[in-house]
Structure formats: C-alpha cells, structure tokens
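A look at the structure
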Amino acid sequence: MITIHASPAYGLIVVGTEPHHAHLFGRRRGGLGLRWSDHITYNDATGAWYLPRSRDQHPSKHQARIAEIEQRLRAEGLAFHTKLDTGTRSPHQAEAELNQRAQARAAAYRTRAINAHRRAETHHDKAAKAIAGYPPDQPILAGHHSQRAHENAYERSDRHTRKAFAESDKARYWVARHRAAEHLERHRNHPNTTVRRIERLQAQLARVTRQLDGTAHPQLATDDDGQAVMVDGRPLLRPQPATGSYRDQLLTDQQILTGKIAYWKETVDQAEADGVKIWRQADFAAGDYALFLGTWFEVTRANSKTVTIAWGHLEPGQQVMSRANARDQDGQPSTRTERLPYHQLQGRRSAIDMAELLNAEPPS
C-alpha cells in the first residue's frame, strides 16, 4: 500500500512504492517532480519520494501537490491512502536532524571524491603506459610499419588523459561539496549569519500576524445598501481575519516561526556569552568610526539596522574616511553617505580615540 504523508516533521513524502514506479514520481518529463532518498525512515520502512524544502510547513500548503499525486496514482490503478499530521517539531530537533543529514552527505561526498581521484590516477597510469615504449621525442614515422601502432598508442594515451582530467574535475567538485556539508553547522551558527536569519524570521512572523488579524488585506467596509462607508471623506477599510484551514495553516506557521526565533536568539546570546561581539544600534553614535573592510568610516547616524557613514572616493591605502576628508572622484568635497548593516562591521572607535590614533586634536 502506497502512503502519501504530509507533516511539518517529514514534509511531503510518498512511501511504499516499487522501483518501476520511478517514472511516476521522478523529475523526468511526465513525472511529479519528487526526489528519492534512501535516508528517510517512515513506519519502519526505509526510502521514500519527497518534495524538496517541504519540511516545517503546514500540510494544507501541499494540498495541490497531494491532489496531483492522488490523481496520478488513481490513473495508474494503484492503491494508496493519504495521512496528514499537523504536529510540529522543536527547532532543536530540526537543527539536529539537519546537521545529521549534512554529516551523512559529507561522508558520502568524501567517498565520491576519493573514488574519482583513484579513477583519475588509474587513467593517468594507463595514459603513461600506452606510450611507454616510445621515446618522448620520437616522431611518428609516416609510411613505416610502426606508424599505425604508434598512432594507436597516442590515441589511447590521449583518451585516458582526457578521462583523467574529467575525473579530476569530479574529484574537485565532490571535495567542495564535502567541505560545504561538513561546515554547514558552523556556518549556520555563525553570529552574523544568525542575526540576519533572525531578522528574516521576524519579518516573516510579522507578515503571518498581519494575515491572521486581517490587516494584511483589509476590505472596503459597506453599509446595508452596499455603499462604501466613508470616514472624514475617506473609505473605511476593515480587517478581514483569516478563517478555516487557512487560519490553521497560519497558526502553525506562527508557532514554527516563534520557536525558530527563540532558538536562534539563544544561539546569539550564547555567542555573546562566549565573547563574540554583536554590533547593535546602541554601540554607535554620530561622530564614532566604524571599521568596514579595513577602513574606518565616520558614522553620521546610527539606525535600527544600519549605520549611516560618510562616503567618498577611497584612495589606495586610505584607512580613514571622515566627513571632513570625503572627496568624490574629481577631488571635490563629498556629502554622500551610505548605509552598512551592523553584521558587516568589524570594529568601533570613538571620535577621541580616532583623533589620538591620527595624532590630531580631538574635536570640540
């Protein structure tokens, strides 16, 4: 019996299929666009077709794809049943599973890289052996009885050399994939990356909240006669809160996003407790200097998510950019400013500290 299962923990998966069903679910023309994985275990069964990036979403988001799968299975005369589960998983569990899968991928990619490197060495050896009986400076003797054998030797050597280069390219590719998978956890937990992720999640949560309370898409208020209600000469807009399955979907999204934000804030707090500096608005004031890519820029304003800095044409080796020395490409004084996100900053100096550094009088 084929099972179509959708839940935040598993995403959308299809289990209980046979190998000859691959043309139904795969990504080839006419398939359903799912992918196969040997690492999914569901009800003691290993291996399933899955929809990429479908985890941690309410099953109702996959209604159209589920209906498409059901229609295809009915057309093929295959027995199936559909199971939906709205139970969520904790962010700790989700991250642990993500890191576990990344380590499994890293091990598999390492094996592929080693095998490709060995095949490349084998082809290099065969290429060398193919012309081992001929001196490096020996030309092909046209018309001689050895001409064809000599040509065949060079053709074999060229063929194996090309295969060796191709396998070396594969080895480099899998090494890069191995490193990316191996360092996934460190990259995801990097404070700057985490701060940006929290900002994105907070924006998503705010959008979900507006959709729940109906302020995202207010409707025109009308009276009993169907006429628009006017207030101070303007039409009145009334919120339209979400209802039904759409509300259930939004509530699940809200729960998942709230849990993720709390989890990643804990990660940032732990990084700060370990001595990592996370720059924020409270750290800067007008007149301070912010370090960005090796240059100190004078801060003209500290915003909630960015600092506004003096900006101009940087001369080679210039280490300080202030409002006083900012110049455009023509050498004229520049009043241009730019904004930098806090996660891109590497340091801070006060105006007094910068004046002492430059052996100048501090500003009054």
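Calculation notes
Residues numbered from 1 in each chain as written. Predicted model: local features only at pLDDT ≥ 70, side-chain atom pairs only at ≥ 80, totals over all residues. Heavy atoms only, no water. Phe/Tyr/Trp six-rings, centres within 6.5 Å; stacked < 30°, edge-to-face > 60°. Helix = DSSP H or I, 4+ residues; strand = E, 2+ residues; numbered from the N terminus. Buried < 20%, exposed > 50% of the residue type's maximum accessible area, 1.4 Å probe, protein only. 1 Å grid on protein atoms, 1.4 Å probe; cavity = no way out; pocket = protein on both sides within 12 Å on 5 of 7 lines; lining within 4 Å. Points joined across faces, edges and corners; volume = space filled by probe spheres on them. Nonpolar A, V, L, I, M, F, W, Y, C, P; charged D, E, K, R; others polar. Polar contact = N/O pair within 3.5 Å; in protein donor to acceptor, adjacent residues only side chain to side chain. Contact = heavy atoms within 4.5 Å. Pairing = 2+ DSSP bridges. Axes fitted to C-alpha atoms, helices over the stretch in contact; angles between N-to-C directions. Expected span 1.5 Å × (residues − 1). Salt bridge = Lys/Arg side-chain N within 4 Å of Asp/Glu carboxyl O. Parallel < 35°, antiparallel > 145°, perpendicular 65-115°, else oblique. Left-handed = near helix turned anticlockwise from the far one by under 90°. pLDDT = per-residue confidence, 0-100.

The description of two aromatic rings rests on the distance between their centres and on the angle between their planes. In the structure shown here, the tally under the stated rule is 10 aromatic pairs. On the numbers, 5.3 Å between centres and 85 degrees between planes, the contact of tyrosine 10 with tyrosine 42 is edge-to-face. With tyrosine 10 in the loop between strand 1 (2-7) and strand 2 (11-15) and tyrosine 42 in strand 3 (residues 35-42), this pair connects stretches of sequence that are 32 residues apart. The buried category is assigned to tyrosine 42, whose relative accessible area is 6%.

Let us look at empty space enclosed by the protein. Counted by the stated rule, this structure contains 1 cavity of 30 Å³ or more. If you go around the largest cavity, the residues you meet are Asn192, Val195, Lys277, Ile278, Trp279, Tyr342, His343 and Leu345. Its residues assigned to classes, the lining of the largest cavity shows 5 nonpolar, 2 polar and 1 charged.

Another aspect to go through is the side chain of histidine 62. Relative to the assigned elements, histidine 62 resides in the loop between strand 4 (45-50) and helix 2 (63-75). A distance of 3.4 Å separates the side chain of histidine 62 from the backbone oxygen of serine 54, its partner in a polar contact. Those residues within four positions of histidine 62 in sequence are excluded, and the remaining contacts are Ala6, Leu12, Leu51, Ser54 and Gln57.

So, about the sheet that holds strand 1. A sheet is described by the order of its strands in space; here 5 strands give the open sequence 3-4-2-1-5, paired in mixed fashion. The open sheet has two edge strands with one neighbour each: strand 3 and strand 5 (80-84). Each strand axis lies, on average, 30 degrees off the axis of its neighbour in the sheet, ignoring direction. In the sheet, strand 1 pairs with strand 2 via 5 bridges, with the strands oriented antiparallel. When the sheet's bridge partners are listed, threonine 3 is paired in strand 2 with valine 15.

In the case of a regular strand, side chains alternate between the two sheet surfaces. With 5 bridges joining them, strand 3 and strand 4 adopt antiparallel strand pairing. Within strand 4, the residue paired with tyrosine 42 across the bridge is alanine 45. Counted along the chain from strand 3 to the antiparallel partner strand 4, the turn is 2 residues long, and its residue asparagine 43 has a positive phi close to 50 degrees.

With that settled, consider helix 6 (residues 191-213). Across its 23 residues, helix 6 extends 33 Å between first and last C-alpha, which sits within 8% of the 33 Å expected from 1.5 Å per residue. Pro191, Thr193, Thr194, Arg197, Ile198, Leu201, Leu205, Val208 and Leu212 are the residues of helix 6 that are buried. Where helix 6 is buried, its residues meet helix 5 (184-188) and helix 7 (244-273). Following helix 6 by one or two positions, glycine 214 adopts a phi angle in the positive range, close to 90 degrees.

Before going further, it helps to spend a moment on the pattern of salt bridges. If you walk through the whole model with that rule in mind, you get 16 salt bridges. Taking the shortest distance from any N to any O, the salt bridge between aspartate 158 and arginine 162 comes out at 2.9 Å. Here arginine 162 and aspartate 158 lie together in helix 4 (residues 147-182), a separation of 4 residues that amounts to about one turn. Under the relative-accessibility criterion, arginine 162 is labelled exposed at 57%. Here arginine 172 ties to aspartate 169 by a salt bridge, and the two come within 2.2 Å at their closest N and O atoms. Taken together, the positions of arginine 172 and aspartate 169, both in helix 4 and 3 residues apart, correspond to about one turn of that helix. Residue aspartate 169 is classed as partly exposed on the basis of its relative accessible area, which comes to 44%.

One way to see where empty space is left: roll a probe the size of a water molecule over the atoms. The space that makes up the largest pocket amounts to roughly 1900 Å³. If you trace the largest pocket, you find 50 residues lining it, with Arg53, Arg55, Arg89, Leu98 and Arg101 closest to the centre. Taken together, the elements giving at least two residues each to the lining of the largest pocket come down to strand 2, strand 3, helix 3 (91-130), helix 6 and helix 7. For the lining of the largest pocket, the leading source of residues is helix 3, giving 13 residues.

On to the packing of helix 6 against helix 7. Helices that pack against each other are described as a pair by the angle of their axes relative to one another and the distance between those axes. Following both chains from N to C, one finds helix 6 and helix 7 inclined at 155 degrees, their axes separated by 9 Å at the closest point. If you check the angle between helix 6 and helix 7, you find them roughly antiparallel. When you trace helix 6 past helix 7, the crossing you get is left-handed.

The next subject is the packing of helix 3 against helix 4. One can describe the packing of helix 3 onto helix 4 by two numbers: an axis separation of 7 Å at closest approach and a directional angle of 165 degrees. Taken together, helix 3 and helix 4 sit at an angle that is classed as roughly antiparallel. In this structure, the crossing between helix 3 and helix 4 has a hand that is left-handed. Class assignment for the residues of the contact of helix 3 with helix 4 results in 15 nonpolar, 9 polar and 11 charged.

Right, let's get into the confidence of the model for the protein. On average, the protein scores 90 in pLDDT, and the residues at 70 or more come to 99%. The secondary structure element of the protein with the lowest average pLDDT is strand 7 (residues 230-231), at 79, and the one with the highest is helix 4, at 95.

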